[in-house]
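Survey of secondary and tertiary structure
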Amino acid sequence: MAGLQQTNSEKILLSWVRQSTRNYPQVNVINFTSSWSDGLAFNALLHSHRPDLFDWNTVASQHSPVQRLDHAFNIARQHLGIEKLLDPEDVATACPDKKSILMYVTSLFQVLPQQVTMEAIREVEMLPRHSKVTREEHIRVHQQQRFSQEVSCLFHFSALSCCSKVVVVYLLWK
């Protein structure tokens with residue numbers, strides 16, 4: 001399955017993140033989705049390179065992932081010139097969008113020190129390839145895929161009569 005493969009760029013980026021956040025015990029980044037949803041990884045990444053910008057303990061003690069994410073995105077915008085490309089509410093989910101997280105972390109990579117050791121890269125290569133997906137996440141993703149198929153089918157069959165569209169939707173949901 002193509003979605004499970006990691007490119008070399010992703011491995012290097014993940015290695016950099018893991019190496020940068022190694023001294024933050026609350027943070028364990030193993031992917032570019034769920035590892036970022038609580039906001040701690042973004043803040044740890046920023047703090048590891050720029051500890052002068054904020055007090056880690058204050059941010060880590062915030063109870064709301066949305067607050068922590070908002071904090072990280074505001075710090076990155078104000079002090080590093082990185083636009084607030086993500087909405088905290090979109091990231092504070094069980095499985096945020098991988099491409100969006102990759103894009104934002106790449107932006108951080110471009111402005112922060114980029115030293116990556118071979119040890120960090122080897123460590124990433126040893127991470128489990130498959131992350132555990134909860135039943136609810138699986139159902140949600142499956143429903144989104146079905147909805148996308150329905151929309152696609154409805155788009156392709158737009159010339160058909162209304163009754164035909166209803167039949168196509170019914171068959172897809174079956």
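Computed from a predicted structure; not experimentally measured. (Residues numbered from 1 in each chain as written. Predicted model: local features only at pLDDT ≥ 70, side-chain atom pairs only at ≥ 80, totals over all residues. Heavy atoms only, no water.)

1. Notes on the overall build of the protein chain
- Looking only at helices and strands, one finds nine helices and zero strands in the protein chain.
- Listing every helix and strand of the protein chain by position from the N terminus yields α-α-α-α-α-α-α-α-α.
- For the protein chain, restricting intrachain contacts to residue pairs at least 6 apart in sequence, the fraction spanning at least 24 positions comes to 59%.
- In the form shown here, the protein chain has an accessible surface area of approximately 10,900 Å², with 56% of it arising from carbon and sulfur atoms. (Helix = DSSP H or I, 4+ residues; strand = E, 2+ residues; numbered from the N terminus. Contact = heavy atoms within 4.5 Å. Areas by Shrake-Rupley, 256 points an atom, 1.4 Å probe, with all protein chains shown as cover.)

2. Some points on helix α2 (residues 40–49)
- For α2, the tally of buried residues reaches eight of ten residues, placing the bulk of the element in the interior.
- Buried residues of α2: L40, A41, F42, N43, A44, L45, L46 and H47, and no others.
- On its buried side, α2 packs onto α1 (8–20), α3 (56–60), α4 (65–80), α5 (88–91) and α6 (98–111). (Buried < 20%, exposed > 50% of the residue type's maximum accessible area, 1.4 Å probe, protein only.)

3. Some words on the packing of α4 against α6
- For the pair α4 and α6, the least separation of the axes is 12 Å and the interaxial angle reads 35°. As for the relative orientation of α4 and α6, their crossing is left-handed in sense. Contacts between α4 and α6 involve A72, F73, A76 and L80 on the former and, on the latter, Y104, L108 and V111.
- Taken together, the residues of the contact of α4 with α6 break down into seven nonpolar, no polar and no charged. (Axes fitted to C-alpha atoms, helices over the stretch in contact; angles between N-to-C directions. Left-handed = near helix turned anticlockwise from the far one by under 90°. Nonpolar A, V, L, I, M, F, W, Y, C, P; charged D, E, K, R; others polar.)

4. Points about the nonpolar core
- Among the nonpolar cores identified, the biggest contains 37 residues, and W16, W36, F42, L46, V105 and L108 are the most heavily contacted of them.
- Of all the secondary structure elements, the ones that give two or more residues to this core are α1, α2, α3, α4 and α6.
- Dropping the residues within four chain positions of it, W16 is found in contact with L45, H49, V105, L108, F109, L112, P113, Q114, Q115 and V116. (Core = buried A, V, L, I, M, F, W, Y, C linked by side-chain atoms within 4.5 Å.)

5. Quick notes on the side chain of T21
- Here T21 shows up in the loop between α1 and α2.
- Owing to a relative accessible area of 3%, T21 belongs among the buried residues under this scheme.
- At a separation of 2.8 Å, a polar atom in the side chain of T21 contacts the main-chain carbonyl oxygen of V17.
- Setting aside its immediate chain neighbours within four residues, T21 contacts V27, V29, A41, A44 and L45. (Polar contact = N/O pair within 3.5 Å; in protein donor to acceptor, adjacent residues only side chain to side chain.)

6. Concerning the confidence of the model for the protein chain
- When the pLDDT values of the protein chain are averaged, the result is 79; 70% of them are 70 or greater.
- Per-element mean pLDDT across the protein chain ranges from 40 in helix α9 (residues 162–173) up to 98 in α2. (pLDDT = per-residue confidence, 0-100.)

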